[in-house]
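Given next are the chains, with one letter for each unit.
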Amino acid sequence: MSVNLKGRSFLKLLDFTPREIQYLLDLSRDLKRAKYTGNEHQLLKGKNVALMFQKDSTRTRCAFEVGAMDQGAGTVYLGPSGSQFGKKESVEDTAKVLGRMFDGIEFRGYKQTDVESLAAHSGVPVWNGLTDEFHPTQILADFLTIQEEKGKLKGLKLVFCGDARNNMGNSLMVGCAKMGMHFVACAPKEVWPDSKLVEQCQEIAKETGAIIELEADVMKASKDADAIYTDVWVSMGEPKEVWDQRVKLLQPYQVNMKMIQNAKPDVLFMHCLPAFHDLNTETAQQVHEQFGLNEMEVTDEVFRSKHSVVFEEAENRLHTIKAVMVATIG
Ligand code: CP
Ligand code: NVA
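Treat the numbers as computed from the prediction; the structure is a model and nothing was measured. (Residues numbered from 1 in each chain as written. Chains lettered and ligands numbered in written order. Predicted model: local features only at pLDDT ≥ 70, side-chain atom pairs only at ≥ 80, totals over all residues. Heavy atoms only, no water.)

Describe in detail the pattern of salt bridges, supporting the description with residues and values.
With the rule as written, the count across this model stands at 21 salt bridges. Here Asp30 makes a salt bridge to Arg29, at a shortest N to O gap of 3.1 Å. With a relative accessible area of 38%, Asp30 lands in the partly exposed category. Taking the shortest distance from any N to any O, the salt bridge between Glu65 and Arg61 comes out at 2.9 Å. Here the residue Glu65 and the residue Arg61 both occupy positions in helix H2 (residues 59-70), the gap between them amounting to four residues, near one helical turn. Take Glu65: its relative accessible area is 19%, and that puts it in the buried class. Through salt bridges with shared partners, a single ionic network connects Lys35, Glu40, Asp70 and Lys322. (Salt bridge = Lys/Arg side-chain N within 4 Å of Asp/Glu carboxyl O. Buried < 20%, exposed > 50% of the residue type's maximum accessible area, 1.4 Å probe, protein only. Helix = DSSP H or I, 4+ residues; strand = E, 2+ residues; numbered from the N terminus.)

Written out as structure tokens, the structure reads:
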């Protein structure tokens, strides 16, 4: 059975079969190899893509821009301000306008319903560059990295520590369910993923052989892990007031060497980035002044250790996002 994703939007991993996800990972590997060896063929010549960002971005924006340029496509960036979107023009009307000018639209914003609505009304493929609920292009980069390091996905134990109901916790749980992995949300009960999504993933797991677990005990959760993943404690768009409660709740879930040593000897440390592992950012300084912390979701020691593959993941954002564009509009 062949895989054909032409004309499809990439809104969340729940919409894709394991085979389709594997196809995107294989295409990413091939495009990465082609770029490395100077053998890249431009499959997006004459195409134009719109990049809409309601929230800031370094990796996702650059991956879409460089990926499009590598493949011969033009890009137009619409930032958090400077367009009519949201203020004077609805999602539906914006979708209808952009669909007449562009071959594909990337959207990073707040509501998952907005990216779904863009896809429903634009008539062209729409790619989710992060919403409050899901961050599916990040998972492709993470899984490509795991495959490169471990040679497979199936059966591997991935432990996500932190705010397990944020876009990363949700997307990793879905991705692991689809690819037959052992996913553990290592988090206090207050921030466990939505029970409906957990049930949905457990249903998928019955087909794929995956295991989906929620575990508040850090040592139980991290035991024999193949990969330990974490993310910021407070996500983009959340109000400042949540910091106080979130720091108290998630400090015991910080990824440190004790946790790493409890995992498999060759455990990978993973993070979507940006990460608060030192005091070299404005936000980290503010949190330091308020709560006295020098590092947050991960210690600097782990972040810089031999286990860390965070910059491999960051690079793989390019190859995987390029694959999504090539597969859907190429
Ligand atoms: N990981 C990620 O999405 O990074 P950016 O916010 O920089 O795009
Ligand atoms: N959970 C984070 C992910 C950033 C890539 C956020 O939404 O801010």
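There's plenty left to go through after this.
Quick one: what's the story with the sheet that holds strand E4 (residues 126-128), residue by residue and with numbers?
Paired through their backbone hydrogen bonds, the strands of a sheet run either parallel or antiparallel. Strand order across the open sheet formed by four strands is E2-E1-E3-E4, with parallel pairing between neighbours. If you trace the sheet from one side to the other, it starts and ends with strand E2 (74-78) and E4, each paired once. Ignoring which end each strand starts from, the neighbouring axes of this sheet average 20 degrees apart. Taken together, the five bridges between strand E1 (residues 48-53) and strand E3 (residues 104-108) define a ladder with parallel strand orientation. The partner of Ala50 across the bridge, within E3, is Ile105. Taken strand by strand, helix H4 (residues 112-122) contacts E1, E3 and E4, and its axis lies near 170 degrees from that of E4. (Pairing = 2+ DSSP bridges. Axes fitted to C-alpha atoms, helices over the stretch in contact; angles between N-to-C directions. Contact = heavy atoms within 4.5 Å.)

Requested: an account of the pairing of strand E9 (residues 268-271), with residues and values cited.
Side-chain direction in a regular strand flips from residue to residue, so the side chains alternate between the two faces of the sheet. By the alternation rule, side chains of E9 split into Leu268 and Met270 and Phe269 and His271, which are all buried. Pairing of strand E8 (residues 227-230) with E9, which is carried by four bridges, proceeds in the parallel orientation. The residue of E9 that forms the bridge with Thr230 is His271.

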